[in-house]
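Structural overview
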Amino acid sequence: MQTALKLQGVEKSFGEQKAVTALELTVPSGETCGLIGPSGAGKTTSIRLIMSILFPDAGTVEVLGQASALQAKDRIGYLPEERGVYRKMKVWAFLKYLAGLKGMPEAKSQPRAKELLAALGLDDILQKRCEDLSKGMLQRVQFVGSILHQPELLILDEPFSGLDPVSVRALKGVISAERRRGTTILFSTHVMAQAEELCDRVVMIHKGRKVLDEPMASLRRRYDPTRVLFEPLDANASLAVLRDVPGVVSLQQRDGEAELSLAKGTDPAAVIREAAARVVPARIEIARITLEDVFVGIVRGQSGAESEAALRQHLQGLSGEKA
C-alpha cells in the first residue's frame, strides 16, 4: 500500500499555546480522509504543517514520498482556509498563471478550466475580472485553481465554508469526480455531516490531539440502541401518544419526526413494534450514531467537565476560534 501522507510524532506550539500534540497520521494513496473537529481544534495548523507553511517543533512530515511538501509541490493541490485571488486579473489569466506554476501547458489547462467552471455553475466568466465576482464565485474559482493541474494529493481547508447550498452540492460533485480519478484527498471541516458523506476515513482532533482515527465503514455500522427515530405516514398525526410507550423516557419532535430516548436495558425492537401499533409510520428505525455523537462521547469521557449542550455548540463552530 502506497502512502500519500505520513506524520509521526508531530508537535507545534505558539508560545505557551500547544496547537498540535503528538500527531500521528497515515493517509494511503487514493483515500479521502476527513480531518474533523470543532473550530480551534488544530486542523488548520496541522494542514499548514503538512504544506510546509509551518514547520514542526518535533516529529516528521512525509508528503508523496518526499520529506517535505516543497519537494512535491507540483503534485499537490491546496485550497487554504484564507481565500485569495489576484483581484485585478481576469479569471482565465489567474487560472492560467496557477496552472503554469504547476507546469501545466495552456493547451491542457484551458479546456479543463472551462469544464470545471461549468460544473460549478460558472459558465462564461473566463474573461471577467476577479474583482467583479461575488465572494462565493471567487471561492469556486480558487477551488478550480487548486485542482486544475490534476494533483495527486488535494488538500482542502474548510472548502464549503460560506457557500450556498447549490454551490456546496456542485463542489461535492467535483470532489467526488476527483476521488474517482484516484486523487488522495485530505479536507478539514467542523461540519460532521460533510465528513460522513464524503470520507473513506475520519481523523478527529480535539485541543490539538487526535482522539479518533477510524474508517467511515466501521463507524457507519455503529447504531445507538437507546434512540429510535420515528416519522409518521400522516404528517398531521399527533406523536404525543408515543411518550406512553413502555421504555420511552423522553420524546423530542423536530421537522416532522420524533426521536424516542429509551431507558437503559429497553429492547428497541419492542418499542418499535408498540410505536408502530399506535401511529402508522412512514419510517421507523434505530438511530445511527453520528460523528457528532462520537465526538461528544469521546470528549465527555476524557474530561467530563463540559456539558453535552456546550460540546455540541462548540462543535458547530460557534466559538469563532481558529487554529
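Described below are features of the structure shown in this document. (Residues numbered from 1 in each chain as written. Predicted model: local features only at pLDDT ≥ 70, side-chain atom pairs only at ≥ 80, totals over all residues. Heavy atoms only, no water.)

**Some thoughts on the packing of helix α2 (residues 91–101) against helix α3 (residues 106–119)**
What counts, and what does not: Angles shown run from 0 to 180 degrees and are taken between the N-to-C directions of axes, each axis being a line fitted to C-alpha atoms and, for helices, limited to the stretch in contact. Helix numbering and strand numbering both begin at the N terminus, where a helix is a DSSP run of H or I of at least 4 residues and a strand a DSSP run of E of at least 2. Here the angle decides the label: under 35 degrees means roughly parallel, over 145 means roughly antiparallel, 65 to 115 means roughly perpendicular, and every other value means oblique. It is the rotation of the near helix from the far one that decides the hand of a crossing: anticlockwise by less than a right angle makes it left-handed, clockwise makes it right-handed. Any two residues whose heavy atoms approach within 4.5 Å are treated as being in contact. Here the term charged refers only to Asp, Glu, Lys and Arg, the term nonpolar to Ala, Val, Leu, Ile, Met, Phe, Trp, Tyr, Cys and Pro, and the term polar to all other amino acids, Gly among them.
Packing of α2 against α3 leaves a shortest axis separation of 10 Å and a crossing angle of 125 degrees. Comparing their axes, α3 and α2 come out oblique. The handedness of the crossing between α2 and α3 comes out as right-handed. Contacts between α2 and α3 pair V91, W92, L95, K96 and A99 from the former with E106, S109, Q110, A113 and L117 from the latter. Among the residues forming the contact of α2 with α3, the class breakdown is six nonpolar, two polar and two charged.

**Some details on the side chain of S46**
Within the secondary structure, S46 sits in helix α1 (residues 43–50). In this structure S46 touches V20, L23, L35 and I205, once residues within four positions along its chain are discounted.

**Structural notes on the pattern of salt bridges**
Note the cut-off: Whenever a carboxyl oxygen of Asp or Glu lies within 4 Å of a side-chain nitrogen of Lys or Arg, that contact is scored as a salt bridge. Each residue is placed in one exposure class: buried if its accessible area under a 1.4 Å probe, protein chains only, is under 20% of its type's maximum, exposed if it is over 50%, and partly exposed if it falls in between.
According to the stated counting rule, one finds 19 salt bridges in the structure shown. Between R227 and E259 there is a salt bridge, with the nearest N and O atoms lying 3.2 Å from each other. With a gap of 32 residues between them, R227 in strand β10 (residues 223–232) and E259 in strand β12 (residues 257–262) connect regions that are remote in the sequence. Residue classification places R227 among the buried residues on the basis of a relative accessible area of 14%. With relative accessibility at 9%, the residue E259 sits in the buried group. Across the pair E231 and R283 runs a salt bridge, and its minimum N-O distance is 3.3 Å. Of this pair, E231 sits in strand β10 while R283 is found in strand β13 (residues 281–288), placing the two residues 52 residues apart along the sequence. Judged by its relative accessible area of 31%, E231 is partly exposed.

**Considerations on the environment of S29**
In this fold, S29 is placed in the loop between β2 (17–28) and β3 (32–36). Between the C-alpha atoms of S29 and L153, which are 124 residues apart in sequence, the distance is 8.3 Å. Filtering out sequence-adjacent residues up to four positions away, S29 remains in contact with Q2, T3, A4 and T184.

**Side note on unusual backbone geometry**
A negative phi angle characterises most non-glycine residues, just as the trans form characterises most peptide bonds. Its identity as a non-glycine residue notwithstanding, Q150 has a phi of 55 degrees, on the positive side. Note that Q150 resides in the loop between α4 (135–147) and β6 (153–157). By relative accessible area, which is 41% here, Q150 ends up partly exposed. Positioned with a positive phi, E158 is a non-glycine residue whose angle comes to about 50 degrees. Along the chain, E158 turns up in the loop between β6 and α5 (165–181). E158 gets classed as buried once you look at its relative accessible area, which sits at 8%.

**Some remarks on the pairing of strand β7 (residues 184–189)**
Going by this rule: Whether two strands pair comes down to DSSP finding at least two bridges between them. Note on handedness: a crossover is taken as right-handed if, strands pointing away from the viewer, the path from the first strand over the helix to the second is clockwise.
With respect to burial, β7 is a largely interior element, six of its six residues being buried. Of the pairings in the sheet, the one linking β3 to β7 comprises five bridges and is parallel in character. By the bridge assignment for β7, T32 is matched with I185. Pairing of β6 with β7, which is carried by five bridges, proceeds in the parallel orientation. From the neighbouring strand, L154 faces β7, where its bridge partner is I185. With α5 bridging β6 and its parallel neighbour β7, the resulting β-α-β unit is right-handed.

**Section: the sheet that holds strand β5 (residues 76–79)**
In space, the six strands of this open sheet follow the order β5-β6-β7-β3-β8-β9, with mixed pairing throughout. The sheet is open, and its two borders are formed by β5 and β9 (209–215), each paired with just one other strand. Adjacent strand axes in the sheet meet at a mean angle of 15 degrees when their direction is disregarded. Against the sheet, α1 makes contact with β3, β5, β6, β7 and β8 (201–206), and its axis sits at roughly 150 degrees relative to β6, the strand it touches most. Against the sheet, α4 touches β5 and β6, its axis set at about 165 degrees to β5.

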